[in-house]
Amino acid sequence: SWPPTAFISPPSVVLSPLPKPAMAMHASKSSNSKQKNMPPSNKGKGGGFGSKSSSSPHKSKDIGDIVYPELEPQVIKTLIPAPPRDGTDIEGNGDILSEEMYDRLEEIYGLGKFNFGGTGAIYKSISVINSKSNEDGATRDDGEVSSLFGDILSGGGSSQSAVDELLFSPSSSLPSVGKAATSQIKGFTSSFDLNSISPFEKFRVLHTDPMVLAIDDFFTMNECDKYVQMSIDSESNQQQLNKMVTEEKNNLQPMLLGQSQTVGKDSRSKAQRTSTTWFHYYEGVPELMAKASRLLGLEGIGRWEEPQTVRYRRNEKFTWHLDALSPEDATSEVGAGQRVATLLVYLTDIPTEDGGATMFRDLGGDGPLKVRPNKGSALLFFPAAGGIANAPFDIRTLHCGEAVSDSAENEKWIAQLWLRQRQYTPTAPSGNDHEKAFHAIGKYCDSIRINTNSL
Ligand SMILES: O=C(O)CCC(=O)C(=O)O
Ligand SMILES: [Fe+2]
């Protein structure tokens with residue numbers, strides 16, 4: 001089973017750790033290097049980087065009832081901490097990402113269009129949208145879409161020469177980011193255009209390698225409250241859902257699907273979770289789906305697992321675990337592949353003394369890296385390296401949800417998404433379907449555009 005035995009007795013696919021897998025070449029990388037053509041040093045190998053060598057003695061920490069070995073010295077050497085801070089930006093004061101970080105996101109994590117068009121983004125990642133590419137003829141005016149790009153670019157301190165290079169590139173195979181995704185449901189066409197959402201500009205690099213990012217102002221306070229409330233409502237008054245009869249309300253109404261105090265047969269089956277999880281219809285959480293996909297620069301939402309909200313009451317926690325799937329689950333031919341990104345959004349504020357932090361055991365130097373729940377901020381990290389062949393899982397991302405203290409003022413609430421390597425088929429709640437959310441996401445994107453235009 002995964003993960004304990006994988007570490008106590010590494011499976012044969014897990015190879016010896018490499019001194020500086022994949023990322024070593026980034027350490028002093030210049031922005032326009034051609035190193036992209038060089039395969040990462042562990043390309044093609046099946047194991048997780050940071051995986052334990054089978055030949056060395058096991059040194060382990062016993063955390064709860066799961067034994068996780070401490071990182072070995074040569075694995076520790078692969079860690080690259082966060083850039084030096086002046087002490088004031090541990091939280092808040094997020095900033096744009098450096099080009100080096102965009103390079104890492106592309107080459108290690110497979111996100112070549114991350115935060116496309118953002119201030120400080122790599123403009124080679126921006127695409128020109130061609131609405132005519134929609135096979136079903138859904139129309140989105142080319143001019144309208146170009147002007148959106150114009151807005152983004154002019155607002156963002158862009159590098160004009162890079163933009164020119166992109167726009168006038170002879171290549172006809174530019175990446176198509178955020179194109180108006182369309183689907184045909186019940187006889188009408190739904191579409192959404194992630195370009196309506198402004199690029200994110202408040203990043204905090206909490207750790208460089210493995211990368212852990214906080215994104216401030218990811219959700220508005222209203223969105224946070226709404227996601228908490230809809231989860232509570234679905235629990236406390238399931239009947240209420242049945243009263244929502246209009247199509248519009250159905251589309252926007254988040255739906256409680258499942259609530260469980262245990263987790264299923266995934267990577268976390270041995271971890272102890274005392275929190276409560278709700279599974280949501282994609283169409284019930286259009287803001288989350290749109291923003292998450294826009295942040296990661298995805299062309300659609302089809303690779304996301306079922307969206308979840310999680311409630312931690314006082315004294316509740318989630319013990320140390322990896323989000324990555326077991327190698328067997330991840331490599332199943334029919335499945336969606338490995339989990340390559342975890343995105344969580346803090347829906348409530350928890351002051352440091354009240355606990356509830358997301359903690360990464362091995363990334364903090366002295367003690368774990370602690371991420372305090374800051375309402376509206378997102379946390380992004382990568383259980384496996386989606387930009388590297390076979391998406392090796394990364395044991396350096398071992399993390400937990402710290403217990404919320406007895407006397408905490410607020411409960412801890414998060415919304416959460418996992419990204420898979422390939423198209424994912426949801427299983428809960430019954431009837432959940434990515435395409436059914438296109439209409440709601442489209443409405444959300446349109447509302448954002450209207451707000452932006454009226455500024
Ligand atoms: O609650 C947290 O801070 C972390 C949650 C988590 O790691 C998970 O649900 O996989
Ligand atoms: Fe997790």
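Source: prediction; values computed, not measured.

### Concerning the nonpolar core
- Counting 59 residues, the largest nonpolar core has F114, L213, L295, L296, W304 and L380 as the members making the most contacts within it.
- Broken down by element, this core gets its largest block of residues, six residues, from helix α9 (residues 286-296).
- No fewer than three residues from each of domain 1 (116-196) and domain 2 (203-453) sit in this core.
- For L295, the contacting residues outside a window of four places in its chain are F114, N115, F200, F203, I215, F218, L343 and L380.
- In this structure, L71, L363, V371 and F381 belong to the second largest nonpolar core, which totals 31 residues.

### Here we look at the pairing of strand β6 (residues 203-209)
- Of all seven residues that make up β6, seven are buried, and the element is covered over most of its length.
- Across two bridges, strand β3 (residues 80-81) lies against β6 in antiparallel orientation. Across the sheet, I80 pairs through a bridge with D209, a residue of β6.
- Note that β6 and strand β7 (residues 212-215) share four bridges and pair antiparallel. By the bridge assignment for β7, H207 is matched with V212.
- The hairpin formed by β6 and β7 contains two residues between the paired strands.

### Here's the deal with the side chain of N374
- In this structure, N374 sits in the loop between β14 (369-371) and β15 (378-381).
- Residue class for N374 comes out buried when judged on its relative accessible area of 18%.
- Among the polar contacts listed, one links the side chain of N374 to the side chain of S377, at a separation of 2.7 Å.
- Beyond its immediate chain neighbours, meaning those up to four positions away, N374 contacts R204, D216, Y346, T348 and D349.

### Some details on unusual backbone geometry
- In this chain, D209 is followed by P210 through a cis amide linkage whose omega measures 0 degrees.
- With respect to the element layout, P210 can be found in the loop between β6 and β7.
- Of note, the bond from A428 into P429 is cis; its omega dihedral lies within 30 degrees of zero at -10 degrees.
- Within the element layout of this structure, P429 appears in the loop between β17 (412-420) and α11 (438-453).

### Structural notes on the site of ligand 1
- Taken together, the neighbourhood of ligand 1 is formed by 14 residues, with R273, Y312, T358, K412 and Q416 sitting nearest.
- Contact distances for ligand 1 include 2.5 Å between an oxygen atom and a side-chain N or O atom of Y312.
- Protein chains shield 100% of the accessible area of ligand 1, which is 290 Å² for the free molecule.
- In terms of residue class, the shell around ligand 1 is built from five nonpolar, five polar and four charged.

### Considering the pattern of salt bridges
- On inspection of all chains with the given rule, the structure shows 15 salt bridges.
- E223 is paired through a salt bridge with K291; the nearest N and O atoms lie 2.8 Å apart. Of this pair, E223 sits in helix α6 (residues 221-236) while K291 sits in helix α9, and the two are 68 residues apart along the sequence.
- As a salt-bridge pair, R420 and E305 come within 3.1 Å of each other at their nearest N and O atoms. Separated by 115 residues along the polypeptide, R420 in strand β17 and E305 in the loop between α9 and β10 (308-312) bring together distant segments of the chain. Summarising the burial analysis for this pair, R420 and E305 share the class buried.
- Connected through shared salt-bridge partners, D209, D394 and R396 make up one network.

### Regarding the coordination of the iron ion (ligand 2)
- H321 (NE2), D323 (OD) and H399 (NE2) make up the full set of protein donors to the iron ion (ligand 2), lying at 2.1 to 2.2 Å.
- Every donor residue of the iron ion (ligand 2) comes from the same chain, spaced as H-x1-D-x75-H. Linking D323 in the loop between β11 (318-321) and α10 (327-331) with H399 in strand β16 (residues 399-401), this pair joins segments that are 76 residues apart in sequence.
- Look at D323 and you get buried, because its relative accessible area is 2%.
- The class of H399 is buried, set by a relative accessible area of 4%.

Conventions adopted
Residues numbered from 1 in each chain as written. Chains lettered and ligands numbered in written order. Predicted model: local features only at pLDDT ≥ 70, side-chain atom pairs only at ≥ 80, totals over all residues. Heavy atoms only, no water. Core = buried A, V, L, I, M, F, W, Y, C linked by side-chain atoms within 4.5 Å. Buried < 20%, exposed > 50% of the residue type's maximum accessible area, 1.4 Å probe, protein only. Helix = DSSP H or I, 4+ residues; strand = E, 2+ residues; numbered from the N terminus. Domains from an automatic or database assignment. Contact = heavy atoms within 4.5 Å. Pairing = 2+ DSSP bridges. Polar contact = N/O pair within 3.5 Å; in protein donor to acceptor, adjacent residues only side chain to side chain. Near = heavy atom within 4 Å. Areas by Shrake-Rupley, 256 points an atom, 1.4 Å probe, with all protein chains shown as cover. Nonpolar A, V, L, I, M, F, W, Y, C, P; charged D, E, K, R; others polar. Salt bridge = Lys/Arg side-chain N within 4 Å of Asp/Glu carboxyl O. Donors = N, O, S within 2.8 Å, 3.2 Å for Na, K, Ca; no water.

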